[in-house]
Amino acid sequence: MFTGIIEEIGEITAITPAGDGWRLTVRAPKAASDAVHGESIAVSGVCLTVVGSTSDTFDTDVMKQTLDVAAIGSATVGTRVNIEKAMPVGARLGGHIVQGHVDGVGEVLEVRPGAQWSVLRISLPHDLAPLVVDKGSISVDGTSLTVSAVSEPPSTGSGTDSTPQDWFEVSLIPETLAATTLGSRAVGDRVNLETDILARHVERLLAFRAADAGADRAATPEGGSR
């Protein structure tokens, strides 16, 4: 379990094919200094297991499924990544509950720099759009952020077959710009997204409730009562 508070920016120094996956070597001196075999480290929001380490690097295996669904699948040697070690029991939850399980990948649509901050507009896979709300929490490349704006849901009866682009915005303070890779993001960059776990549980609960209600209606004779 993680909090989305990035501890350092690391760098991928080696990518070695391993079956249908990869073995990554990541240079991250702070995380590697006391890393132990089997512990979890979030690499740009992807929870990975340490399989080896030196004083300033750690190795981790990435399976094909992760490469297919996360932006890390397009990483190369030299790619900078956000690093966070697992949250110890009893620590302060400075961000929000982050599992390190990527829900999807977004694309940076717009970067609007301000005097001391920057606003990123990021595309949102349509199936994730209901889970993202204004002022809610979202993890972008492992960074806990507050949604500052979100696209409107599609209106019914609009008379168009095209699905509008779903998006959300986050406003980045100077600390976030300096301490994470988000400060160097540009239009077209792909980022890992993890929605709020509470929203995912509620969506699942409502889906079952709707299915049960539909089954009840189907089992009730028309015009009758149970």
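The structure reproduced in this document is the subject of the present report.

Reading guide: rules and limits
Residues numbered from 1 in each chain as written. Predicted model: local features only at pLDDT ≥ 70, side-chain atom pairs only at ≥ 80, totals over all residues. Heavy atoms only, no water. Pairing = 2+ DSSP bridges. Helix = DSSP H or I, 4+ residues; strand = E, 2+ residues; numbered from the N terminus. Axes fitted to C-alpha atoms, helices over the stretch in contact; angles between N-to-C directions. Salt bridge = Lys/Arg side-chain N within 4 Å of Asp/Glu carboxyl O. Buried < 20%, exposed > 50% of the residue type's maximum accessible area, 1.4 Å probe, protein only.

1. A short note on the sheet that holds strand β10 (residues 143-150)
Here's step 1: Strand order in the closed barrel formed by 6 strands is β7-β8-β11-β10-β9-β12, with antiparallel pairing between adjacent strands. This sheet shows a mean twist of 45° between the axes of neighbouring strands, independent of strand direction.
Here's step 2: Note: strand β7 (residues 104-113) against strand β12 (residues 190-195), 4 bridges, orientation antiparallel. Across the sheet, the residue bridging to valine 105 is asparagine 192, located in β12.

2. Describing the pattern of salt bridges
Here's step 1: Enumeration over the complete set of coordinates arrives at 12 salt bridges.
Here's step 2: Across the pair arginine 27 and aspartate 56 runs a salt bridge whose closest N-O atoms are separated by 3.7 Å. With arginine 27 in strand β2 (residues 21-27) and aspartate 56 in the loop between β4 (46-53) and β5 (57-62), this residue pair connects regions lying 29 residues apart in the sequence.
Here's step 3: Look at aspartate 56 and you get partly exposed, because its relative accessible area is 25%.
Here's step 4: Of the charged contacts in the structure, one is a salt bridge between aspartate 34 and lysine 85, with a shortest N-O distance of 2.6 Å.

3. Some words on the sheet that holds β2
Here's step 1: Reading around the circumference, β1-β2-β5-β4-β3-β6 is the order of the 6 strands in this closed barrel, with antiparallel pairing throughout. Neighbour-to-neighbour, the strand axes of this sheet turn through a mean angle of 45°, independent of strand direction.
Here's step 2: For β4 and β5, the ladder comprises 3 bridges, and the chain directions are antiparallel. Paired with valine 50 across the two strands is threonine 60, which belongs to β5.

4. Side note on the pairing of strand β9 (residues 137-140)
Here's step 1: Taken together, the 4 bridges between β9 and β10 define a ladder with antiparallel strand orientation. Counted as the bridge partner of valine 140 is threonine 143 from β10.
Here's step 2: Two successive antiparallel strands, β9 and β10, enclose a turn made up of 2 residues, where aspartate 141 displays a positive phi of approximately 50°.

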